[in-house]
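# Survey of secondary and tertiary structure
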Amino acid sequence: GGAKGRGLKASRDISEGELVFKATNNTVVFTHGHTWRKFLFSLYERNGEPYDSGTACDVLVWSWVQPIEENGPLVIVADLDNGSLLNEGREDEPGWDVPNVRCGKEGDTMCMMSYYATKHIKAGEE
């Protein structure tokens, strides 16, 4: 596959269809973009001075947009735990690995922030 960055490796064999990760109270949902931006800026600066640009940049990268209910509005989601280490892979894109984890079970139409193995994953595999 493509260049490797951060990620998770299986500590044991995981069966296809097995639950790998479920969102926790460390998964933050922002219903308004301005609230998310205020959160990022609160990480970035203290007393009007730059403070922690690294963490603010990480949270920016770890955030994504999705609906969390059928026909619901888009919200901004950020994992502030190991969920941020789940790599998406890319189907049908040269240089990328095919994802071995997906949000929702096979056939689900919504991602309810539970991630399942799309294939058998051996211990030590990402």
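Details of the structure are given in the entry above.
Residues numbered from 1 in each chain as written. Predicted model: local features only at pLDDT ≥ 70, side-chain atom pairs only at ≥ 80, totals over all residues. Heavy atoms only, no water.

Across the interface, helix H1 (residues 33-44) lies against helix H2 (residues 53-61) with an axial gap of 7 Å and an inter-helix angle of 155°. The orientation of H1 with respect to H2, classified from their angle, is roughly antiparallel. For the pair formed by H1 and H2, the contact residues are Trp36, Phe39, Leu40, Leu43 and Tyr44 on the first element and Ser53, Thr55, Ala56, Val59 and Leu60 on the second. In terms of residue class, the contact of H1 with H2 is made up of 8 nonpolar, 2 polar and no charged. (Axes fitted to C-alpha atoms, helices over the stretch in contact; angles between N-to-C directions. Helix = DSSP H or I, 4+ residues; strand = E, 2+ residues; numbered from the N terminus. Parallel < 35°, antiparallel > 145°, perpendicular 65-115°, else oblique. Contact = heavy atoms within 4.5 Å. Nonpolar A, V, L, I, M, F, W, Y, C, P; charged D, E, K, R; others polar.)

With respect to the helices and strands, phenylalanine 30 occurs in strand E2 (residues 27-30). The class for phenylalanine 30 is buried, based on a relative accessible area of 8%. Along the sequence, phenylalanine 30 and isoleucine 121 sit 91 residues apart, while their C-alpha atoms lie 32 Å from each other. Aside from chain neighbours lying at most four places away, what touches phenylalanine 30 is Thr35, Trp36, Phe39, Val75 and Ile76. (Buried < 20%, exposed > 50% of the residue type's maximum accessible area, 1.4 Å probe, protein only.)

A few words on H1. Here H1 spans 17 Å end to end across 12 residues, near enough to the 16 Å set by a 1.5 Å rise per residue. Those residues of H1 lying buried are Trp36, Leu40 and Leu43. All buried residues of H1 project into a common sector of 60° when viewed along the axis, lining one side. Across from the buried face of H1, at angles greater than 90 degrees, the exposed residues are Lys38 and Phe41. In this fold, the buried residues of H1 make contact with E2, strand E3 (45-46), H2, strand E5 (63-67) and strand E6 (74-79). (Expected span 1.5 Å × (residues − 1). Arc of directions from axis to C-beta.)

This paragraph deals with the sheet that holds strand E7 (residues 101-103). Pairing is antiparallel across the open sheet formed by 3 strands, whose spatial order is E1-E8-E7. Strands at the two margins of the open sheet, each flanked by one partner only, are strand E1 (19-22) and E7. Taken over all neighbouring pairs, the strand axes of this sheet differ in orientation by 25° on average, direction set aside. Bridge analysis of E1 against strand E8 (residues 114-117) gives 3 bridges, and the strand direction is antiparallel. In the strand pairing of E8, phenylalanine 21 is matched with tyrosine 115. (Pairing = 2+ DSSP bridges.)

Below, the discussion takes up the sheet that holds E6. Spatially, 3 strands are ordered E2-E6-E5 in an open sheet, and the strand pairing comes out antiparallel. In this open sheet, the two edge strands, each paired with only one partner strand, are E2 and E5. Strand-to-strand twist across the sheet, computed as the mean angle between neighbouring axes with direction ignored, equals 35°. The pairing of E2 with E6 spans 4 bridges and is classified as antiparallel.

Distances and angles like these do not, on their own, reveal function.
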